[in-house]
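So the chains spell out like this:
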Amino acid sequence: MCAGSVRCYAAMLKAGKVVIDATEQRLPLRHSHHRYIIDAPNGTVKLTVPLEGSSNAMPVMMKDVNLSEHGNWRHLHWGALFSSYGKSPFFDFIAQDLRSIIVEGKQSRLLDLNMQLHNLIVDFMDLPITTTVATTCQQVDEALSSGEPDLRGKIGGKRGDKLAIDDVPYYQMWAQRRNEFAPALSILDLLMNEGREGIFTLMKMAQNLKL
């Protein structure tokens, strides 16, 4: 997950912990691994992190998927984030740390980028979520055998979100312009608009969720 959706983080909060499967393959089928959606003045925008290799078939493990620097994506992503959230209530509090990951980051692997963003989000919002990266099939099997819910393919895939979770509206800068709330955006949207108070939105969403 790349700056995963608000729905994704509500599920993680419900579970209290998450195991990232670094052995997962065929990443393009999981759009959330290298795409995230933000709010913008003229509507929502999908940002994509380019990957090396084919975009249609990538039989390599998540831990081995490399980033591509094609198209100057780092500066394009930062420009989109600044344009969308530069005047949001909490942008200035996280801007430098976020910029250091997206613009100044030297990550060569998608997993490193995603984990740096995830750790920053969890720390900034003070979310009680324990994260473990499983780098072997044995570690993944142990997590599943212990009764952990398997949400792979249920969040952010090509066919949308399969989680039975209700969206809870929260303050969005551009909602008044379009006269409606935009659901299922990146957790960055909730973070920028509500900061640490965003945990209460996640708690409300997680309340009736059954994993």
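Computed from a prediction, not measured in an experiment: that's the story for all the values here.

Each value, and the rule that gives it
- Residues numbered from 1 in each chain as written.
- Predicted model: local features only at pLDDT ≥ 70, side-chain atom pairs only at ≥ 80, totals over all residues.
- Heavy atoms only, no water.
- Core = buried A, V, L, I, M, F, W, Y, C linked by side-chain atoms within 4.5 Å.
- Buried < 20%, exposed > 50% of the residue type's maximum accessible area, 1.4 Å probe, protein only.
- Helix = DSSP H or I, 4+ residues; strand = E, 2+ residues; numbered from the N terminus.
- Contact = heavy atoms within 4.5 Å.
- Axes fitted to C-alpha atoms, helices over the stretch in contact; angles between N-to-C directions.
- Parallel < 35°, antiparallel > 145°, perpendicular 65-115°, else oblique.
- Nonpolar A, V, L, I, M, F, W, Y, C, P; charged D, E, K, R; others polar.
- Polar contact = N/O pair within 3.5 Å; in protein donor to acceptor, adjacent residues only side chain to side chain.
- Salt bridge = Lys/Arg side-chain N within 4 Å of Asp/Glu carboxyl O.

Undergrad: Could you give an account of the nonpolar core, with specific residues and numbers?
TA: Ranked by internal contacts, the top residues of the largest apolar core, which has 60 residues, are Y9, Y36, L81, L98, M125 and L202. At the level of elements, α1 (6–15), β1 (17–21), β2 (35–38), α2 (73–85), α3 (91–102), α4 (110–125), α7 (187–194) and α8 (198–206) are the ones that each hand at least two residues to this core. In terms of residues, this core owes the most to one element, α4, which gives 10 residues. Not counting chain neighbours up to four residues away, the residues in contact with L81 comprise Y36, I38, G86, F91, L98, I102 and L188.

Undergrad: Tell me what's going on with the packing of α3 against α7, and back it up with residues and numbers.
TA: The interhelical angle for the contact between α3 and α7, taken along N-to-C directions, is 135 degrees, at an axis separation of 8 Å. One way to sum up the angle between α3 and α7 is to call them oblique. Residues F91, I94 and L98 of α3 touch α7, and the partners they reach there are L188, L191 and M192. In the contact of α3 with α7, the residues fall into 6 nonpolar, no polar and no charged.

Undergrad: Describe in detail the side chain of S68, supporting the description with residues and values.
TA: Mapped onto the secondary structure, S68 falls in the loop between β3 (45–48) and α2. Residue S68 is classed as buried on the basis of its relative accessible area of 15%. Separated by 3.1 Å, the side chain of S68 and the backbone nitrogen of H70 make a polar contact.

Undergrad: Any chance you could break down the pattern of salt bridges for me, citing the residues and the numbers?
TA: In total, this model carries 5 salt bridges according to the counting rule given. Linking D112 and R109 is a salt bridge whose minimum nitrogen-to-oxygen distance equals 2.9 Å. With relative accessibility at 26%, the residue D112 sits in the partly exposed group.

Undergrad: So what about the environment of I199? Which residues, and what values?
TA: Mapping I199 onto the fold places it in helix α8. Relative accessible area serves as the criterion here: at 15%, I199 is assigned to the buried category. Sequence separation between I199 and D126 is 73 residues, and the spatial gap between their C-alpha atoms is 8.1 Å. Residue contacts for I199: discarding those within four places in its chain leaves L13, M125, D126, L127 and P128.

Undergrad: Give me the packing of α2 against α3: which residues, what numbers.
TA: Where α2 contacts α3, the axes come no closer than 11 Å and their chain directions differ by 170 degrees. What the angle tells us is that α2 and α3 run roughly antiparallel. On α3, the residues that touch R74, H77, W78, L81, F82 and Y85 of α2 are F91, A95, L98, R99, I101 and I102. For the contact of α2 with α3, the residue count by class is 9 nonpolar, 1 polar and 2 charged.

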